[in-house]
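Residue strings, one per chain:
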Amino acid sequence: MLSIDQLTKTYTAGDTALREVTFRVPQGQVVGLIGPSGAGKSTLIRCINRLVEPSSGAIRLGETDLVSLGSRELRQARRRIGMIFQEYALVERLTVMENVLSGRLGYVPFWRSFTRRFPGRDIENAYRLLDRVGLLEHADKRADALSGGQRQRVGIARALAQEPELLLVDEPTASLDPKTSRQIMRLITEICAERQLPAIVNIHDVPLAQQFVDRLIGLRAGRMVVDDAPERLDEAM
Ligand code: ADP
Ligand code: ADP
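Residues numbered from 1 in each chain as written. Chains lettered and ligands numbered in written order. Predicted model: local features only at pLDDT ≥ 70, side-chain atom pairs only at ≥ 80, totals over all residues. Heavy atoms only, no water.

The chain appears in an unreviewed UniProt entry as Phosphonate ABC transporter ATP-binding protein from Halomonas gemina.

Caption draft 1: Quick look at the site of ligand 1. Lining the immediate surroundings of ligand 1 are 12 residues, of which P36, S37, H204, R220 and V225 lie closest. For ligand 1, an oxygen atom lies 2.6 Å from a polar atom in the backbone of S37. Between L219 and ligand 1, the recorded distance is 3.2 Å, taken from a backbone N or O atom to a nitrogen atom. Of all the secondary-structure elements, those providing two or more residues to the shell around ligand 1 are β9 (215-220) and β10 (223-228). No other element matches β9, which puts three residues into the shell around ligand 1. Its residues placed into classes, the shell around ligand 1 shows seven nonpolar, four polar and one charged. (Near = heavy atom within 4 Å. Polar contact = N/O pair within 3.5 Å; in protein donor to acceptor, adjacent residues only side chain to side chain. Helix = DSSP H or I, 4+ residues; strand = E, 2+ residues; numbered from the N terminus. Nonpolar A, V, L, I, M, F, W, Y, C, P; charged D, E, K, R; others polar.)

Caption draft 2: Focus on helix α1 (residues 41-48). By the criterion of burial, α1 is predominantly enclosed, with six of the eight residues buried. Looking only at α1, the buried set comprises K41, T43, L44, I45, C47 and I48. Trailing α1 by a residue or two, R50 shows a phi angle of about 60°, which is positive. (Buried < 20%, exposed > 50% of the residue type's maximum accessible area, 1.4 Å probe, protein only.)

Caption draft 3: Structural context of the sheet that holds strand β3 (residues 30-34). The strand order β6-β7-β8-β3-β9-β10 describes an open sheet built from six strands, whose pairing is mixed. Of all strands in the sheet, those bounded by a partner on one side alone are β6 (81-84) and β10. Taken pair by pair, the neighbouring strands of this sheet meet at an average axis angle of 20°, ignoring direction. (Pairing = 2+ DSSP bridges. Axes fitted to C-alpha atoms, helices over the stretch in contact; angles between N-to-C directions.)

Caption draft 4: Quick look at the nonpolar core. L130, V133, I156 and L167 are the most contacted members of the largest nonpolar core, which totals 47 residues. Secondary structure elements with two or more residues in this core: β3, α3 (96-105), α4 (120-132), α5 (148-161), β7 (166-170), α6 (178-195), β8 (199-202) and α7 (206-212). Listed in part, the 28 residues of the second largest apolar core include L2, L33, L69 and L219. (Core = buried A, V, L, I, M, F, W, Y, C linked by side-chain atoms within 4.5 Å.)

Caption draft 5: Highlighting the side chain of T173. For T173, the position within the fold is in the loop between β7 and α6. Non-local contacts of T173, meaning those with residues more than four positions away in its chain, are made with S181, I184, M185 and L208. (Contact = heavy atoms within 4.5 Å.)

Caption draft 6: Just the sheet that holds strand β2 (residues 16-25), in detail. With antiparallel pairing, the four strands of this open sheet are ordered in space as β2-β1-β4-β5. Looking at strand neighbours, the two that pair on one side only are β2 and β5 (64-65), the edges of this open sheet. Of the pairings in the sheet, the one linking strand β1 (residues 2-10) to β2 comprises six bridges and is antiparallel in character. Considered in β2, the bridge of K9 is made with L18. Sheet strands touched by α1: β1, β2 and β4 (56-61). Its angle to β1, the strand with the most contacts, is close to 120°.

Caption draft 7: Focus on the pattern of salt bridges. Within the structure shown, the criterion is met by 12 salt bridges. E53 is the partner of R50 in a salt bridge, and the nearest nitrogen-oxygen pair spans 3.1 Å. Given a relative accessible area of 9%, R50 falls into the buried group. A salt bridge links E163 to R104, with the shortest nitrogen-to-oxygen separation between them at 3.9 Å. Here R104 lies in helix α3 and E163 lies in the loop between α5 and β7, a separation of 59 residues in the sequence. Three or more residues joined by partner-sharing salt bridges are found here, namely R104, R121, D122 and E163. (Salt bridge = Lys/Arg side-chain N within 4 Å of Asp/Glu carboxyl O.)

Caption draft 8: Empty space enclosed by the protein, seen in detail. Per the counting criterion, the structure on display carries one cavity of 30 Å³ or more. What the largest cavity holds in volume is close to 30 Å³. Every residue along the wall of the largest cavity is listed here: V100, L101, R104, D122, N125, A126 and A161. Going through the elements one at a time, α3 and α4 are the ones with two or more residues in the lining of the largest cavity. Taken together, the residues of the lining of the largest cavity sort by class into four nonpolar, one polar and two charged. (1 Å grid on protein atoms, 1.4 Å probe; cavity = no way out; pocket = protein on both sides within 12 Å on 5 of 7 lines; lining within 4 Å. Points joined across faces, edges and corners; volume = space filled by probe spheres on them.)

Here it is as structure tokens:
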């Protein structure tokens, strides 16, 4: 469970990007984060993985207070947070399998053909994940040989390989066509339900969010102005 209490972020320039944002994401729930540009969506995601320092408030993942961690504990805590990106952030010259295994490691090794250095159970787990995202037969292809939708599937498998307790998903479909976008959103929400993973998905496409997420949180000028079941958004607006 992710729990955010009274989270406020004021940038040094003086912009208050988040104002006392408070909500919890229980296991298995996928929250769609919506709102106009400048509303604070990226700031919220970045506060959770501490790429941005919160000004005040608390962020807890399970028992861990993410705000108070020193750099060493922060590295460990980040291993518990799976990230999925708009532009996939794959290593293009590596194979699909190698990209997934880099998620398990938490970094990309520089030596060649590193797959064989992994214990068998990591490899088996990576194959299981590739099967789940529909890429089993592409395991040995280079990432740059794949379509956008396939790359995002690799991104999902890589995030899962680190066995995260939380998924942070930043505009996962912004570079994809509508049909592929629906497939990717369906895959993310199904996997979160299967694994009882909480997730926050920063998503610009509100109708797409409404179709797949469990709950919508709307930000405007750093304040939470919507927190509701997706089908009730029209009444709330
Ligand atoms: P941008 O300025 O980033 O282009 P928009 O203002 O076009 O964003 O908003 C994108 C979508 O999000 C629109 O469909 C809009 O209705 C919806 N939206 C904007 N603000 C909120 C909010 N505070 N809560 C819920 N939905 C919102
Ligand atoms: P969104 O992701 O919803 O578009 P952001 O979190 O990027 O919103 O931005 C929220 C507010 O914080 C905006 O007013 C933006 O100008 C400001 N902001 C974002 N990043 C910075 C930064 N690094 N320094 C100063 N102000 C920032």
